[in-house]
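# A look at the structure
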Amino acid sequence: MNSVHIDLGERSYFIKVASCGLRASVDDPLLPAGTAALIVSNETIAPLYGELLLSALAKHYPQVHTVILPDGEQHKTWQTLNLIFDALLTHGCDRKVVLYALGGGVVGDMTGFAAACYMRGVDFVQVPTTLLAQVDSSVGGKTGINHPLGKNMVGAFHQPRLVICDLSTLDTLPARELAAGLAEVIKYGPIADMALFDWLEANMDALLAREPQALAHAVRRSCEIKAAVVGADEREAGLRAILNFGHTFGHAIEAGMGYGVWLHGEGVAAGMVMAAELSRRLGLVDEGFVQRLRTLLMRAGLPTRGPVLDAQDNAGRYLELMRVDKKAEAGEIRFVLIDGPGRAVLRAAPDALVREVIDACCA
Ligand code: NAD
Ligand code: ZN
């Protein structure tokens, strides 16, 4: 068992990394006190882990309720969010209720947003069950839902009181989802810690075999890096943006293909290669570095080339999508580039160069 502390003053909390089985992992003195707990999960995860969580929480709360949401990014909407409020009000939950997000990033983002809004803010705990949620989305307090006109466009910053990553839940995760989570783990190397990157090169086979010790190291180190970045810049005034390495191109891929066709982590994987290639063409890293990144992503089973989004003007379509991304400012695209392995910078780049990179990096 291991914990990572995220230092945010009075909103500080622990990220617990354990592999002793969900019931034992959750049975923890750090659980916030409350008059009731509401487990928020979805129709895929609840049958697998709902009872385990419920039996652990029944020892800590006078009442434990469950609400089961439909599964999928397409349900990360107002309508689904309302199911959580319906459950809270139907059960007469007061402002001392504690919400438990049991699931991947979709459940986590919606539960966090519901906790931010219900009675102007109640406590919540993240129990992430995907690798992506354990290493990224459950940590840092970004919560929200999608709007038909844009992903994650409606939301709030609301930090959880505790994050419980139980690695044994990853046993049932589909291989493609595991690989998508590995993209976010790999991301932390080039932006912050090349020792992690070296370790991933040596341990990729163990991770793909889901060896608990390897998973524990990857999750803990990823959470440490994310905690340090978020601790220094909770609301993304500057530094936090480096966590979006590969995401500018990646979001264009996700949106351009239609959400759900490429998983988020798959878009990020191809996007990281493009951002690394852009860094190389700007003279910041050498070809050897870009090739190492490609090789590691390939070993993880991730794509290293972007899809063609428009047969006539592919680069133009990418640029168009990147200009409407939430991270662009006044239409200027800010790329997270690698300024030497292990160090990220935020920079604009000439359109002509970005076009060359897209042409070179798409299938
Ligand atoms: P997800 O929540 O859709 O989960 C992926 C799939 O795996 C789902 O079908 C889910 O039901 C299933 N699943 C989850 N755990 C399982 C398990 N243990 N066994 C079997 N199946 C399981 O996707 P995700 O990749 O976890 O999260 C993506 C979401 O996270 C996106 O909506 C993205 O916007 C968000 N996100 C948020 C942040 C943040 O900082 N808040 C960061 C990154 C991503
Ligand atoms: Zn991401």
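Structural notes, computed from the coordinates. In this text, all values refer to a predicted model and were calculated from it rather than measured experimentally. (Residues numbered from 1 in each chain as written. Chains lettered and ligands numbered in written order. Predicted model: local features only at pLDDT ≥ 70, side-chain atom pairs only at ≥ 80, totals over all residues. Heavy atoms only, no water.)

Next up on the list: the site of ligand 1. As a structural note, the neighbourhood of ligand 1 is formed by 26 residues, with Glu73, Lys76, Thr129, Thr130 and Thr172 the closest of them. Protein chains bury 88% of the 870 Å² of accessible surface belonging to ligand 1 in isolation. Every element with two or more residues in the shell around ligand 1 is listed here: helix H2 (46-57), helix H4 (105-117), helix H5 (131-137) and strand E8 (150-157). Split into classes, the residues belonging to the shell around ligand 1 amount to 7 nonpolar, 10 polar and 9 charged. (Near = heavy atom within 4 Å. Areas by Shrake-Rupley, 256 points an atom, 1.4 Å probe, with all protein chains shown as cover. Helix = DSSP H or I, 4+ residues; strand = E, 2+ residues; numbered from the N terminus. Nonpolar A, V, L, I, M, F, W, Y, C, P; charged D, E, K, R; others polar.)

Protein coordination of the zinc ion (ligand 2) is provided by Glu184 (OE), His247 (NE2) and His264 (NE2), with donor distances spanning 1.9 to 2.1 Å. Sequence positions of the donors to the zinc ion (ligand 2) reduce to the motif E-x62-H-x16-H. Of the two residues, His247 sits in helix H9 (residues 247-257) while His264 sits in helix H10 (residues 264-281), which places them 17 residues apart along the sequence. By relative accessible area, which is 5% here, His247 ends up buried. (Donors = N, O, S within 2.8 Å, 3.2 Å for Na, K, Ca; no water. Buried < 20%, exposed > 50% of the residue type's maximum accessible area, 1.4 Å probe, protein only.)

Turning to the pairing of strand E11 (residues 344-347), a few remarks are in order. Where strand E10 (residues 335-338) meets E11, 4 bridges bridge the pair, whose relative direction is antiparallel. Across the sheet, the residue bridging to Val336 is Leu346, located in E11. The antiparallel hairpin formed by E10 and E11 contains 5 residues in its connecting segment, where Gly340 sits at a positive phi of about 90°. (Pairing = 2+ DSSP bridges.)

Another point: helix H13 (residues 351-361). The periodicity of an α-helix, 3.6 residues per turn, causes residues three or four positions apart to be oriented the same way. When H13 is considered as a whole, its buried residues turn out to be Leu353, Val354, Val357, Ile358 and Cys361. Take H13 and look down its axis: the buried residues cluster within an arc of 140°, on one side only. Seen from the open side of H13, the exposed residues pointing more than 90 degrees away from its buried face are Ala352 and Asp359. Each element contacted by the buried residues of H13 is listed here: H9, H10, helix H12 (314-323) and E10. (Arc of directions from axis to C-beta. Contact = heavy atoms within 4.5 Å.)

Here the structure, examined in full by the defined rule, presents 1 cavity of 30 Å³ or more. In this structure, the largest cavity spans a volume of roughly 30 Å³. Around the largest cavity, the lining residues are Asn244, Gly246, His247, Thr248, Phe249, Gly271, Ala275, Phe335 and Val336. Among the elements of the structure, H9, H10 and E10 are those that each provide at least two residues to the lining of the largest cavity. (1 Å grid on protein atoms, 1.4 Å probe; cavity = no way out; pocket = protein on both sides within 12 Å on 5 of 7 lines; lining within 4 Å. Points joined across faces, edges and corners; volume = space filled by probe spheres on them.)

In the Ramachandran plot, Arg210 falls in the positive-phi region, its phi being about 60° despite a non-glycine side chain. Within the secondary structure layout, Arg210 lies in the loop between helix H7 (194-208) and helix H8 (212-232). A residue is classified by how much of its surface remains accessible, and Arg210, at 18% relative accessible area, is buried. The backbone phi angle of Glu236 is positive, close to 55°, even though this residue is not glycine. One can find Glu236 in the loop between H8 and H9.

Applying the stated criterion across every chain, the model contains 0 disulfides. Free of any disulfide, Cys165 has its nearest neighbouring cysteine sulfur in Cys223, separated by 4.9 Å. (Disulfide = S-S within 2.5 Å.)

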